[in-house]
Amino acid sequence: MKKLALFLAAAFIAVMLQISQARACTSFLVTRGASADGSTMITYTADSHTLYGDLRYYPAAEYGESQKLDIYEWDTGKFTGTIPQAARTYAVIGYMNEYQVAISETTFTGRTELKDPKGVIDYGNLITLALQRSKSAREAIQTMGALVERYGYCSTGETFSISDKNEVWMMDLIGKGPGGKGAVWVALKIPDGCVSAHANQSRIGKFPQNDSANCLYAKDVISFARKKGFFKGNDEAFSFADAYHPTSFSGLRACEARVWQFFRRTAPSVNIPIERVKGLGGKKPEPLPLWVKPDKKLSAREVMECMRDHFEGTEFDLSKGVGAGPYHLPYRWRPLTWKVNKQEYFNERSTSTQQTAFSFVSQSRSSLPDCIGGLLWFGVDDTASTVYVPLYAGIREVPKPFARGTGSFTEFSWDSAFWVFNFVSNFAYSRYCDMIKDIGKAQSELEAVYLARQAPVEEAALALYKQSPELASGYLTDYSAKMADLCLSRWKKLLTELLIKYLDGNMKDERGKVTHPGYPKDWYERIIKDSGDYYRNLKIEGEIPEEEEHPQEPVKQVKPVEPVKPVKPAKPMRR
């Protein structure tokens, strides 16, 4: 038993180190029948300690037969090779194209010996190329499979969320290692009316092998595993996850726990025991279901709230315990694992985390033309304190606060949403449980404005679309830019409000009077528990009572930000 425990601990540390070095992201999937407005939705948190939060726009284009495309790996910028350019590419804004196809990912790594350093296509370029060359989720999956088969795959194991205006798919993919050109993969369509999720753990186990309407896979996904010694048995018993990314303690506690929490929040009636993801006892638990039916249909706003989760209401709650400090900060500074007296320990890993560069909630809607129906709710920095700004599939440029080149990871800019949001959140870490209330209020107000304007804006865009699709695209480009500017302006103002209110560890009340709220009660109780009577205030006989503090002059209240004027239709833009 002792040997088993040591083995599990070693495996845990090894995988946790892999996770901490890779992009450890989270993705939720919502089908049409599970959404309140009939849209499909996928989400993405791009979690990296070295990633700058911005977006790119790729215009639609046509190319000659001889034109080539140089591939540079997303994470390193390393040149990996050249492939033929497609005859025609589609416009892409970030992670959604002009046909409302959206793609996100999480890295599960899997068997590290299956990474091929000579492969040309990495996971990031695979997403962009699929979006530029596909009009549906199914076509994107087939395109991704064909690209890695022909040019090789140089990343580790990935799970992709792929959606269009009708379907939502999950795809697990991993390379074949040095000398094994290509990749093995399987993709499953999420049943309509259900939700799913993945978070750095391969999730597809057994799959139907004779149901092409709902399942697609590489022809050698089973035979390759058998050849490498990863699987023995009948084809019907094959599990992708068991073969290419066997469950580990970290896979449960740091990864599947996020999926469990999403299911707990959206489908509490399913009542999946927490023991399924605690990873205790050394025994492999029953895997989580790949999808569940939510207790009620989800709105985009409710999905955004799920993105802001820190395991609140569970025993994993990151706002509790000594690690959260006096102000209940639900984040833990890296590394994810740490050691005391040669014993390894770990921190929980929630959906919302401090190292998020950007995140989004996509909506694809068959009830509207593609340029209006496709919507990317985009935000930068922590999901708990970000604001999701509406960016439509039909826009023709990235709003300046989110554009590449507006600041960088090593260059601060007041014009950069990434830096302004990080300024606010990093200041809030010093007194989180108080400041997050002010941030949440501003966040809710802004997102309420965006949601309230959505219907009239889309109605106006639809009227313009009937005249000319270019008129609609120009209008939406202008509108999205104004909403991004409104967001940036409000967050700059919020920073000054927080500085004024919480200067020097104090707090100003509504009248501007300086108050001294002290630490939360539970923190004082912890101090007493740790130190006993060391800090007890003992009275000295004959001492003179302390004088009361001088009253403070009230400061002027900060004026609220003026509302943005209604957006007028823009002139048509050339594509």
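The residue numbers shown here count from 1 along each chain, following its written sequence. Per-residue local features of the predicted model are confined to residues with pLDDT of at least 70, and side-chain atom pairs are confined, for both listing and counting, to 80 or more; whole-chain, interface and lining totals are unaffected and use all residues. Side-chain descriptors were evaluated using all non-hydrogen atoms of the structure, hydrogens and water having been removed beforehand.

Caption draft 1: Summary view of the overall build of the protein chain. Under the DSSP-based scheme used, a helix requires at least four consecutive residues in state H or I and a strand at least two consecutive residues in state E, with every element numbered from the N terminus. Per the secondary structure count, the protein chain includes 13 helices and 23 strands. For the protein chain, whose C-alpha radius of gyration is 26 Å, the value lies close to the compact-globule estimate of 25 Å for 575 residues. For the C-alpha atoms alone, the extent of the protein chain along its principal axes is close to 90 × 70 × 45 Å. The proportion of buried residues among the 575 residues of the protein chain is 54%. For this analysis, residues touch if any pair of their heavy atoms sits within 4.5 Å. Pairs at least 24 apart in sequence give 73% of the contacts found in the protein chain among residues at least 6 apart. Shrake-Rupley sampling with a 1.4 Å probe provides the accessible areas, and residues are treated as covered by the protein chains on show and by no other component. Of the roughly 27,100 Å² that the protein chain leaves accessible, carbon and sulfur atoms contribute 53%. Positive charge is attributed to Lys and Arg, negative charge to Asp and Glu, and no charge count is given to His or to the chain ends. To locate a charge, take NZ of a lysine, CZ of an arginine, CG of an aspartate or CD of a glutamate. For the protein chain, the distance from the average position of its 74 positive side-chain charges to the average position of its 68 negative side-chain charges is 4 Å. Our radius of gyration looks at C-alpha atoms and nothing else; its globule reference is 2.2 Å times the residue count to the power 0.38. Relative accessible area decides the class of each residue, using a 1.4 Å probe on protein chains only: under 20% of the type maximum gives buried, over 50% gives exposed, and in between gives partly exposed.

Caption draft 2: Seen up close, the nonpolar core. The biggest cluster of nonpolar side chains holds 150 residues, and the ones touching the most others in it are F160, I162, F238, Y244 and W491. At 14 residues, the largest contribution of residues to this core is made by helix α12 (residues 469-501). Setting aside anything within four residues of it in sequence, one finds W491 in contact with S385, V387, V420, F421, V424, I439, A442, Q443 and L446. The term nonpolar core refers to a set of buried residues drawn from Ala, Val, Leu, Ile, Met, Phe, Trp, Tyr and Cys, joined through side-chain atoms within 4.5 Å.

Caption draft 3: Focus on the packing of helix α10 (residues 417-428) against helix α11 (residues 432-467). Under this scheme, a helix contributes an axis fitted over its contacting stretch, all axes are lines through C-alpha atoms, and angles between N-to-C directions fall in the 0 to 180 degree range. Two elements in contact, α10 and α11, have axes whose closest approach is 8 Å; the angle formed by their N-to-C orientations is 145 degrees. Contacts between α10 and α11 involve V424, F427 and A428 from the former and Y432, M435 and I439 from the latter. Of the residues in the contact of α10 with α11, the class split is six nonpolar, no polar and no charged. Polarity classes work like this: nonpolar for Ala, Val, Leu, Ile, Met, Phe, Trp, Tyr, Cys and Pro, charged for Asp, Glu, Lys and Arg, and polar for all others, with Gly in that last group.

Caption draft 4: Summary view of the sheet that holds strand β20 (residues 375-380). If you trace the seven strands from one edge of the open sheet to the other, you get β16-β14-β1-β2-β19-β20-β21, paired in antiparallel fashion. Edge strands, defined here as strands with exactly one partner in the open sheet, are β16 (291-292) and β21 (389-392). Pairs of strands are assigned from DSSP output, requiring at least two bridges between the strands. Bridge count between strand β2 (residues 40-47) and strand β19 (residues 356-364): eight bridges; the pairing is antiparallel. Across the sheet, T45 pairs through a bridge with S359, a residue of β19.

Caption draft 5: Fine view of the packing of aromatic side chains. By convention, a stacked pair of Phe, Tyr or Trp rings (six-membered ring in the case of Trp) has centres within 6.5 Å and planes under 30 degrees apart, an edge-to-face pair has planes over 60 apart, and any other such pair is tilted. Within this structure, the stated rule accounts for 37 aromatic pairs. With 5.5 Å between their ring centres and 75 degrees between their planes, F249 and F346 make a pair best called edge-to-face. Of the two residues, F249 sits in helix α6 (residues 249-266) while F346 sits in strand β18 (residues 343-346), which places them 97 residues apart along the sequence. With 6.1 Å between their ring centres and 65 degrees between their planes, W260 and F316 make a pair best called edge-to-face. Residue W260 is located in helix α6, and its partner F316 is located in the loop between α8 (300-307) and β17 (337-340); the two are separated by 56 residues in the primary sequence. With respect to class, W260 is no different from F316; both count as buried.

Caption draft 6: Spotlight on the pattern of salt bridges. When a carboxyl oxygen of Asp or Glu lies within 4 Å of a side-chain nitrogen of Lys or Arg, that pair is called a salt bridge. Throughout the structure, instances matching the rule amount to 24 salt bridges. E447 is the salt-bridge partner of R308, the closest N and O atoms lying 2.6 Å from each other. In this pair, R308 is assigned in the loop between α8 and β17 and E447 in helix α11, connecting sequence segments 139 residues apart. Note on accessibility: R308 and E447 belong to one class, buried. Salt-bridge contacts for E497 lead to R490; the nearest nitrogen and oxygen are separated by 3.3 Å. Classification of R490 by relative accessible area gives buried; the value is 14%. Via salt bridges that share partners, R301, E305, R308 and E447 belong to a single interconnected network.

Caption draft 7: Region of interest: the state of the cysteines. When two cysteine sulfur atoms are found within 2.5 Å, that pair is recorded as a disulfide. Counting across every chain of the model gives zero disulfides. Just so you know, C25 is unpaired, no disulfide at all, and the nearest cysteine sulfur is the one on C255, 11 Å from it. A residue is classified by how much of its surface remains accessible, and C25, at 0% relative accessible area, is buried.

Caption draft 8: A look at the pairing of β18. Inspection of the sheet shows β17 paired to β18 by four bridges, in the antiparallel sense. Within β18, the position partnered with T337 by the bridge is F346. Linking two consecutive strands that pair antiparallel, namely β17 and β18, is a turn of two residues; a positive phi of about 50 degrees is found at N341 within it.

Caption draft 9: Seen up close, the pairing of strand β14 (residues 195-198). Judged by which residues are buried, β14 turns out to be covered on both faces: V195 and A197 on one side and S196 and H198 on the other are all buried. Relative to β14, strand β1 (residues 27-30) is paired through four bridges, and the arrangement is antiparallel. Directly across from L29, in β14, lies its bridge partner S196. Pairing between β14 and β16: two bridges, direction antiparallel. Of the residues in β16, the one forming a bridge with S196 is W291.

Caption draft 10: Highlighting empty space enclosed by the protein. With a 1 Å grid laid over protein atoms only, a set of points is called a cavity when a 1.4 Å probe fits there but cannot get out and a pocket when it is open yet has protein on both sides within 12 Å along at least five of seven lines; lining residues have an atom within 4 Å of a point. Grid points are joined across faces, edges and corners, and a volume is the space filled by probe spheres set on the points. Inspection of every chain in the model, using the stated rule, returns two cavities of 30 Å³ or more. Counted as a void, the largest cavity has a volume near 50 Å³. As for the largest cavity, its lining consists of L318, P330, Y331, R332, R334, E348, R349, S350, S352, T353 and Q354.

Caption draft 11: Fine view of unusual backbone geometry. Here the bond from R334 into P335 is cis, since omega is 15 degrees, no more than 30 degrees from zero. Inspection of the secondary structure assignment puts P335 in the loop between α8 and β17. Positive phi is not limited to glycine here, since T109 has a value of about 65 degrees. Inspection of the secondary structure puts T109 in strand β10 (residues 102-109). Residue K342 is not a glycine yet carries a positive backbone phi of 70 degrees. Assignment of secondary structure puts K342 in the loop between β17 and β18. Residue K342 is classed as exposed on the basis of its relative accessible area of 78%.

Caption draft 12: Spotlight on α11. The end-to-end C-alpha separation of α11 is 50 Å, in line with the 52 Å expected for 36 residues at 1.5 Å each. Fitting axes to the seven residues that end at a residue and to the seven that start at it, the angle between those axes gives the bend at that residue. At Q454, α11 shows its strongest bend, of approximately 40 degrees, with the proline P456 following within four residues. Between the first and last residue of a helix there are one fewer steps than residues, each counted as 1.5 Å, and that sum is the expected span.

Caption draft 13: Broad picture of a nonpolar patch on the surface. Residues W338, V340 and Y345 make up a contiguous nonpolar surface patch of roughly 270 Å² in combined accessible area. Tracing the backbone through its elements, the reader meets V340 in strand β17. For V340, a relative accessible area of 40% puts it in the partly exposed group. Patch membership is restricted to residues that have no salt bridge and whose relative accessible area is over 30%. Joining uses 9 Å for like charges and 5 Å for the nonpolar side chains Val, Leu, Ile, Met, Phe, Trp and Tyr.

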